[in-house]
Amino acid sequence: MGKILVVGSSNTDMVVKSGQIPRPGETVLGGQFFSFAGGKGANQAVAAAKLGGEVTFLAKLGADELGKNALLGFEKVGIDTSSIWIDESAHSGVALILVDEHGENCISVASGANNKITGQDLLNAKSKIEESSFILTQLEIPMEAVSILAEMAEEVNVPLILNPAPAQHLTDQLLKRIFLITPNETEAEMLTGIQVTDEFSAFAAAEILKEKGVKNVIITMGSKGAFFLNEEGNGLIPGEKVKAVDTTGAGDTFNGALIIALSEGLDLPQAIKFANKAAAISVTKMGAQDSQPFRDQL
Ligand code: RIB
């Protein structure tokens with residue numbers, strides 16, 4: 001298994017779990033409060049590290065207690081933190097998360113230092129990019145940084161996996177540089193204009209992304225599983241059935257596990273099965289990273 005580089009955000013998740021998510025202007029009482037390590041980049045890096053990967057995480061934190069705690073968490077799971085920088089001018093990322101009784105959530109993010117990642121930071125980490133077997137990133141950092149990362153990865157021929165979350169428009173030039181894209185149903189609709197509800201609509205959306213030059217497409221479809229499409233074939237790999245307590249970060253656990261499976265040489269359908277298991281376990285407990293499985297739990 002080769003080295004893995006994750007480039008992305010780190011947040012502290014302030015979570016309230018209650019019976020229902022309030023509508024605008026409404027107040028809901030009776031919730032429970034939790035504080036967890038989160039952020040899409042960090043969640044994916046930690047998931048991969050907990051499953052046994054040799055992971056470097058490139059990120060930016062603020063010079064505050066939240067950032068210090070996040071760093072300790074990364075060190076605890078053996079992540080290489082030499083490409084995590086402190087930005088004195090910003091606070092560490094924070095996400096306010098509401099979770100309902102079915103485990104569904106809504107999230108509002110104050111990006112802080114995550115928004116300070118620049119192209120220069122990526123140039124400074126050139127050797128980390130070159131020595132990786134796979135690179136994984138998301139869209140919770142500036143788009144300019146994502147574009148430069150894609151360009152650098154292409155230059156040194158390292159496959160880049162893009163989890164396009166949260167949903168944003170992507171240029172065709174960026175899509176051409178992506179080895180594997182992993183949108184969920186909403187993100188796939190944003191990228192293709194096709195409402196993904198089942199295997200057939202997932203196929204149509206995945207075809208559009210492939211035509212734009214992405215080599216491999218996986219559309220995650222919650223409890224239904226994940227649809228894949230590449231040169232070798234396509235199909236829906238069903239998800240594992242579990243009772244969801246908190247779905248926050250399930251997609252991140254999926255992506256972290258996926259990169260591990262791919263770096264171990266599994267093909268796409270096998271890698272999805274592995275990632276589905278890890279994601280299913282993660283929704284049975286509260287918290288994005290706290291709920292992620294270690295290898296022996298799979
Ligand atoms: O994908 C889940 C993550 O999104 C949370 O951990 C939160 O920090 C937001 O970034």
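For the structure, see preceding data.
So, here's what we can say about the structure.

The residue Asn255 is located in helix α9 (residues 250-263) in this model. Of the polar contacts made by the side chain of Asn255, one reaches the backbone oxygen of Gly251; its length is 2.8 Å. When near neighbours in sequence (up to four residues on either side) are disregarded, Asn255 contacts Gln44, Leu136, Asn163 and Thr182.

Summed over the entire model, instances satisfying the criterion amount to 4 aromatic pairs. Relative to Phe36, the ring of Phe34 has its centre 5.5 Å away and its plane inclined at 15 degrees; by these criteria the two rings are stacked. By relative accessible area, Phe34 is classed as partly exposed at 22%. Arranged with centres 5.2 Å apart and planes meeting at 80 degrees, the rings of Phe57 and Phe74 form a pair that is edge-to-face. Of this pair, Phe57 sits in strand β4 (residues 55-62) while Phe74 is found in helix α2 (residues 65-76), placing the two residues 17 residues apart along the sequence. The exposure classification of Phe57 matches that of Phe74, with both residues buried.

On to the nonpolar core, then. With 38 residues, the main nonpolar core has Phe57, Ile218 and Leu258 as its most contacted residues. Elements that contribute at least two residues to this core include exactly β1 (3-7), α1 (40-50), β4, α2, β8 (132-137), β12 (226-230), α9 and α10 (268-282). Filtering out sequence-adjacent residues up to four positions away, Leu258 remains in contact with Leu180, Thr182, Ile218, Ala271, Ile272 and Ala275. Listed in part, the 37 residues of the second largest apolar core include Ile117, Ile129, Val217 and Phe227.

Pairing is mixed across the open sheet formed by 9 strands, whose spatial order is β5-β4-β1-β8-β9-β10-β11-β12-β13. The strands lining the two open edges of the sheet, one partner per strand, are β5 (84-87) and β13 (233-237). Where strand β10 (residues 180-181) meets strand β11 (residues 216-220), 2 bridges bridge the pair, whose relative direction is parallel. What sits directly across from Leu180, in β11, is Asn216. Sheet strands touched by α2: β4 and β5. Its angle to β4, the strand with the most contacts, is close to 170 degrees.

Right, let's get into the environment of Cys106. Within the fold, Cys106 resides in strand β7 (residues 105-110). On the basis of relative accessibility, which here comes to 35%, the residue Cys106 falls in the partly exposed class. For the pair Cys106 and Leu96, spaced 10 residues apart in sequence, the C-alpha to C-alpha distance is 8.4 Å.

Turning next to α1. Among the 11 residues of α1, 11 are classified as buried, and the element is accordingly described as predominantly covered. Buried residues of α1: Lys40, Gly41, Ala42, Asn43, Gln44, Ala45, Val46, Ala47, Ala48, Ala49 and Lys50, and no others. Among the structural elements, β1, β3 (32-38), β4, α2, β8 and α9 are those in contact with the buried residues of α1.

All residues in the neighbourhood of the ligand are listed as Asn11, Asp13, Gly38, Gly39, Lys40, Asn43, Ala95, Ile107, Glu140, Gly249, Asp252 and Ala288. Contact distances for the ligand include 3.0 Å between an oxygen atom and a side-chain N or O atom of Asn11. With respect to the ligand, the side chain of Asp13 contributes an N or O atom lying 2.6 Å from an oxygen atom. About the coverage of the ligand: the protein hides 96% of its 280 Å² of free accessible area. Of all the secondary-structure elements, those providing two or more residues to the shell around the ligand are β2 (11-17) and α1.

What counts and how
Residues numbered from 1 in each chain as written. Predicted model: local features only at pLDDT ≥ 70, side-chain atom pairs only at ≥ 80, totals over all residues. Heavy atoms only, no water. Helix = DSSP H or I, 4+ residues; strand = E, 2+ residues; numbered from the N terminus. Polar contact = N/O pair within 3.5 Å; in protein donor to acceptor, adjacent residues only side chain to side chain. Contact = heavy atoms within 4.5 Å. Phe/Tyr/Trp six-rings, centres within 6.5 Å; stacked < 30°, edge-to-face > 60°. Buried < 20%, exposed > 50% of the residue type's maximum accessible area, 1.4 Å probe, protein only. Core = buried A, V, L, I, M, F, W, Y, C linked by side-chain atoms within 4.5 Å. Pairing = 2+ DSSP bridges. Axes fitted to C-alpha atoms, helices over the stretch in contact; angles between N-to-C directions. Near = heavy atom within 4 Å. Areas by Shrake-Rupley, 256 points an atom, 1.4 Å probe, with all protein chains shown as cover.

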